[in-house]
Amino acid sequence: MKHLLKLSDLTSDEILDLLGLADQLKFENKNGIPHHYLEGKTLGMIFQKSSTRTRVSFETGMYQLGGHALFLSSRDLQIGRGEPVEDTARVLSRYLDGIMIRTYQQSEVETLAKYGSIPVINGLTDYAHPCQVLADLQTIREYKGALSGKKLAFIGDGNNMANSLIVGCIKMGMRVAIGCPKDYMPDSGIVEWAHSTGELLITEDIYEAAEGADAVYTDVWSSMGMEAETEKRKKDFAGYCVDSKLMDHAKSDAMVLHCLPAHRGEEITAEVLEAHAGEIFDEAENRLHAQKAVMVKLMANK
Ligand code: CP
Ligand code: NVA
């Protein structure tokens, strides 16, 4: 494993390895056991979109690992004024030990990895959010004891989260159901791969999607960069909401996950969010541990 660009690049064993390391790092963190595995290393974090969790968990995680993180807003970098990614990649590779990037196009992340000579981590693109899904899998395993055979239902937009959840969950032997409007399907290549690899249901009927689910997942109707479509999306997604009626179709002990930020009264009711705040904020915490595992795997001298 040289980079984390998307989960489809990883084998199931590589994902399991990362989850195991994330659990170990969480244990070390909670018990005050020193874990300076990245002493003297620097991570550059390029942000072309807003972030609370990703920025703070990467920066804190790097500090806890004995390294240093640089917040690089695209507003300040020359990349924001048109310097090519190919050149940025080669320059940053001379200073840093790893790059985390949050941007729009997946191709930009892939180009950064191709032209640079250091590990690149995808901190969210329009196509994928692999770091989030590693934290999600860690959380599901903590609550459910196992991943294989469990069912995850995703309700809402077939967006970056849906794409990465399909890949990550199927690679872990989980069953996935997506309840989304027909014009908002997940990536067709991922859907095709999932149908030929594991068990994926895509339906407009959110109750059918939620039936017997162990974990119910949702995300915003309008992702970052789609602000102009917000009003149209509010109409198109009306009813695609995780509420108590939907939860009646899931298993009685089903957990609820949300990558956050959440829009109460849109994709999830305040009642369901608060009833499942334990899982949802554990999930947010696990971003720290899962990403530390990714950084150690990619950046520590072995
Ligand atoms: N879930 C997530 O990636 O949150 P941020 O946008 O706050 O980083
Ligand atoms: N789908 C959302 C996820 C935010 C973490 C977005 O891309 O804005």
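So, a few notes on the structure that sits alongside this text. (Residues numbered from 1 in each chain as written. Chains lettered and ligands numbered in written order. Predicted model: local features only at pLDDT ≥ 70, side-chain atom pairs only at ≥ 80, totals over all residues. Heavy atoms only, no water.)

Re empty space enclosed by the protein
1) Next: Taken as a whole and assessed by the stated rule, the structure comprises one cavity of 30 Å³ or more.
2) Next: Quantified by volume, the largest cavity comes out at close to 50 Å³.
3) Next: Along the walls of the largest cavity sit Lys-6, Leu-7, Ser-8, Tyr-127, Ala-128, Asn-163, Ser-164, Val-167 and Ile-190, which together make up its complete lining.
4) Next: Broken down by element, the lining of the largest cavity gets its largest block of residues, three residues, from helix 6 (residues 160-171).
5) Next: Taken together, the residues of the lining of the largest cavity sort by class into five nonpolar, three polar and one charged. (1 Å grid on protein atoms, 1.4 Å probe; cavity = no way out; pocket = protein on both sides within 12 Å on 5 of 7 lines; lining within 4 Å. Points joined across faces, edges and corners; volume = space filled by probe spheres on them. Helix = DSSP H or I, 4+ residues; strand = E, 2+ residues; numbered from the N terminus. Nonpolar A, V, L, I, M, F, W, Y, C, P; charged D, E, K, R; others polar.)

Some words on unusual backbone geometry
Across residues other than glycine, the phi torsion is negative in most instances, and most of the peptide bonds are trans.
1) Next: With omega at 5 degrees, the peptide bond leading from Leu-260 into Pro-261 counts as cis.
2) Next: Its location among the elements puts Pro-261 in the loop between strand 9 (255-258) and helix 11 (270-275).
3) Next: Backbone geometry at Leu-124 places phi at a positive 125 degrees, although glycine is not the residue there.
4) Next: Of the residues examined, Leu-124 reaches a relative accessible area of 7% and is grouped as buried.
5) Next: You will see that Leu-260, though not glycine, has its phi angle at about 70 degrees, which is positive.
6) Next: Judged by relative accessible area, Leu-260 falls into the buried class, the value being 12%. (Buried < 20%, exposed > 50% of the residue type's maximum accessible area, 1.4 Å probe, protein only.)

Some remarks on the layout of surface pockets
1) Next: Space inside the largest pocket adds up to approximately 370 Å³.
2) Next: For the largest pocket, the lining is made up of 23 residues, of which Arg-102, Leu-124, Met-224, Leu-260 and Pro-261 are closest to its centre.
3) Next: Within the lining of the largest pocket, the residues separate by chemical class into seven nonpolar, ten polar and six charged.
4) Next: For the second largest pocket, the calculated volume is near 160 Å³.
5) Next: Phe-47, Gln-48, Lys-49, Ser-50, Ser-51, Arg-55, Phe-71, Ser-73, Ser-74 and Arg-75 are the residues that line the second largest pocket.

So, to be careful, I would describe these as geometric facts and stop short of saying anything about function.
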